[in-house]
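# Reading the structure
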Amino acid sequence: MLRSLYSGISGLSAHQKMLDVTGNNIANVNTTGFKSSSVQFQDTLSQMVSDGSAPAGQVGGKNPAQIGLGAKLAAINTNFTQGSTQSTGKGTDLMISGDGFFVTSRAGQTMYTRAGSFDLDQAGNLVSADGSFVQGWAAVNGAVQTGGPVGNLVLSAQTIAPARATTSAVLGGNLPAEAAAGDSFVREIEIFDAAGGSTSLSVTFTRTAAGWDTAASIAGAGAGGGAATATGAMTFNNGILTGGGALTVGGVNVDLSGVTGYTGMNTIAAKSQDGSAAGTLESFSIGSDGLITGSFSNGAKIPVGQLAMATFDNPGGLEKAGGTSYVAGVNSGNAIIGTGGQPGFGTMSSGSLEMSNVDLSQEFTNLIIAQRGFQANSRIITTSDSVLEELVNLKR
């Protein structure tokens, strides 16, 4: 009889924990990146009333008789199924489609989360909603080396795109075939040195009896600071370039292969060059693999960093650390660090967040089950109490 009292108490305790877990799931129905939990029960040790026995001679075998001593909590499992997509349009909001976690650091502790609501702080650090630093690899000279130690990602306005020296320039368009011998046209294009300083590349086209003479010069690029010069000649056949489509001056290759020589048009012009001055970061975008590409004031688009992702052999072994974050547990295994899109890693979507995976219909059903289980176990206690009361009343 006392056993039934304690069985009822254990049932009350177990179902109370189920109510606690279910209530926490419902409370976090709108928490970004939240993963719901579920409860599993198991029975406790059973008391042996009579042992079993094997068949022997003319006597058959007998099963053991045991009385259970109640229920207890076996496990609280985290459900890591994918949550729904919430579109935000904000470039620093990220969602992982598939397996993996974002890696963050707070006060020296490494944590893992599915909540990708990130932003920039005053110093340009990419941080989570609770101020944890998002971890990844910074680019060096426009290249990201993954696989090494991760660190904070900084995307401040002071991020610089280095200057690029001009190595090639392109001119195109049409030179008028009807031009008289001696007529000339000058076209200039701005070019840059390795320090980002700009100067002018001048190309002169002079009409001759055979075609066009070309002359290119760059002020201050020659020996002793004088002008660097180069000359050549261009010939055409029915407007099609047949010779002299290139010049090299001061280390710059001038491409003239796109020039034509038809009658009635003078459209010769500078098209492009591959150098630039140094530039500052104006904006950035994040790709599906976590690569952060910066757009700079000099027109350059180069990588400035890459977000790291982590997976685990047993994600269910992670320990919740608050703030929708987890820390590695003794049964989760060590974090496997990689990038989005690698085998075993999901991909990232910019401008979206992963919603909670709580299923309200299931949680309200669990709520009813827990409530009825609690009520049934309370009946065990009241019924046992009534029987004890009858025993006490036998003495009357």
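Located above this text is the structure these notes cover.
The rules behind the values
- Residues numbered from 1 in each chain as written.
- Predicted model: local features only at pLDDT ≥ 70, side-chain atom pairs only at ≥ 80, totals over all residues.
- Heavy atoms only, no water.
- Core = buried A, V, L, I, M, F, W, Y, C linked by side-chain atoms within 4.5 Å.
- Buried < 20%, exposed > 50% of the residue type's maximum accessible area, 1.4 Å probe, protein only.
- Helix = DSSP H or I, 4+ residues; strand = E, 2+ residues; numbered from the N terminus.
- Contact = heavy atoms within 4.5 Å.
- Expected span 1.5 Å × (residues − 1).
- Pairing = 2+ DSSP bridges.
- Axes fitted to C-alpha atoms, helices over the stretch in contact; angles between N-to-C directions.
- Phe/Tyr/Trp six-rings, centres within 6.5 Å; stacked < 30°, edge-to-face > 60°.
- Parallel < 35°, antiparallel > 145°, perpendicular 65-115°, else oblique.
- Left-handed = near helix turned anticlockwise from the far one by under 90°.
- Nonpolar A, V, L, I, M, F, W, Y, C, P; charged D, E, K, R; others polar.

### Digging into the nonpolar core
Among soluble globular proteins, nonpolar side chains are generally buried collectively. Leu 201, Phe 205, Val 249, Val 254 and Leu 256 are the most contacted members of the largest nonpolar core, which totals 23 residues. Here this core takes four residues from strand 21 (residues 252–260), the largest share from any one element. Those residues in contact with Leu 201 that lie beyond four places of it in its chain are Ala 169, Arg 187, Glu 188, Ile 189, Ile 191, Ala 216, Ser 217, Ile 218, Val 249, Val 252 and Val 254. In terms of nonpolar packing, the next biggest core, distinct from the first, is built from 18 residues, Leu 94, Val 304, Met 309 and Phe 345 among them.

### Some words on helix 1 (residues 2–27)
At 3.6 residues per turn, the α-helix brings residues three or four places apart onto the same side. The terminal C-alpha atoms of helix 1, which comprises 26 residues, lie 37 Å apart, in line with the 38 Å expected from a rise of 1.5 Å per residue. Of the residues making up helix 1, those classed as buried are Leu 5, Ser 7, Gly 8, Ser 10, Gly 11, Leu 12, Ala 14, His 15, Met 18, Val 21, Thr 22 and Asn 25. Lining the buried residues of helix 1 we find strand 1 (37–43), strand 3 (65–68), strand 4 (71–78) and helix 2 (360–393).

### What to know about the sheet that holds strand 22 (residues 269–273)
Ordered in space as 20-21-14-22, the four strands form an open sheet in which the pairing is mixed. Pairing within the sheet leaves two strands with one partner each, and these edge strands are strand 20 (246–249) and strand 22. If you compare each strand with its neighbour and ignore which way they point, the axes differ by 20° on average.

### Here we look at the packing of aromatic side chains
One pass over the full model with this rule turns up seven aromatic pairs. Each ring, one from Phe 80 and one from Tyr 326, has its centre 5.7 Å from the other, and the planes form 50°; the classification is tilted. With Phe 80 in the loop between strand 4 and strand 5 (85–87) and Tyr 326 in strand 28 (residues 325–327), this residue pair connects regions lying 246 residues apart in the sequence. Three or more aromatic residues joined by ring pairs make a cluster, and in this case those are Phe 80, Phe 101, Tyr 112, Phe 312 and Tyr 326.

### As for the packing of helix 1 against helix 2
How two helices sit against one another is set out by the angle between their axes and by the gap between those axes. Remark: helix 1 packs on helix 2, axes separated minimally by 8 Å, with the N-to-C direction vectors making an angle of 160°. Of the possible angle classes, the one that applies to helix 1 and helix 2 is roughly antiparallel. Along this stretch, helix 1 crosses helix 2, giving a crossing that reads as left-handed. Residue classes in the contact of helix 1 with helix 2 are distributed as 15 nonpolar, 14 polar and one charged.

### Observations concerning the pairing of strand 25 (residues 301–307)
As defined by bridge partners, strand 11 (residues 133–138) adjoins strand 25 across three bridges and the pair is classed as antiparallel. Pairing of Trp 137 across the sheet is with Gln 306, part of strand 25. Where strand 24 (residues 291–296) lies against strand 25, five bridges are found, and the strand directions are antiparallel. Bridged to Thr 293 within strand 25 is Pro 303. Here strand 24 hands over to strand 25 after four residues, with Gly 299 in that stretch at a positive phi of 90°.

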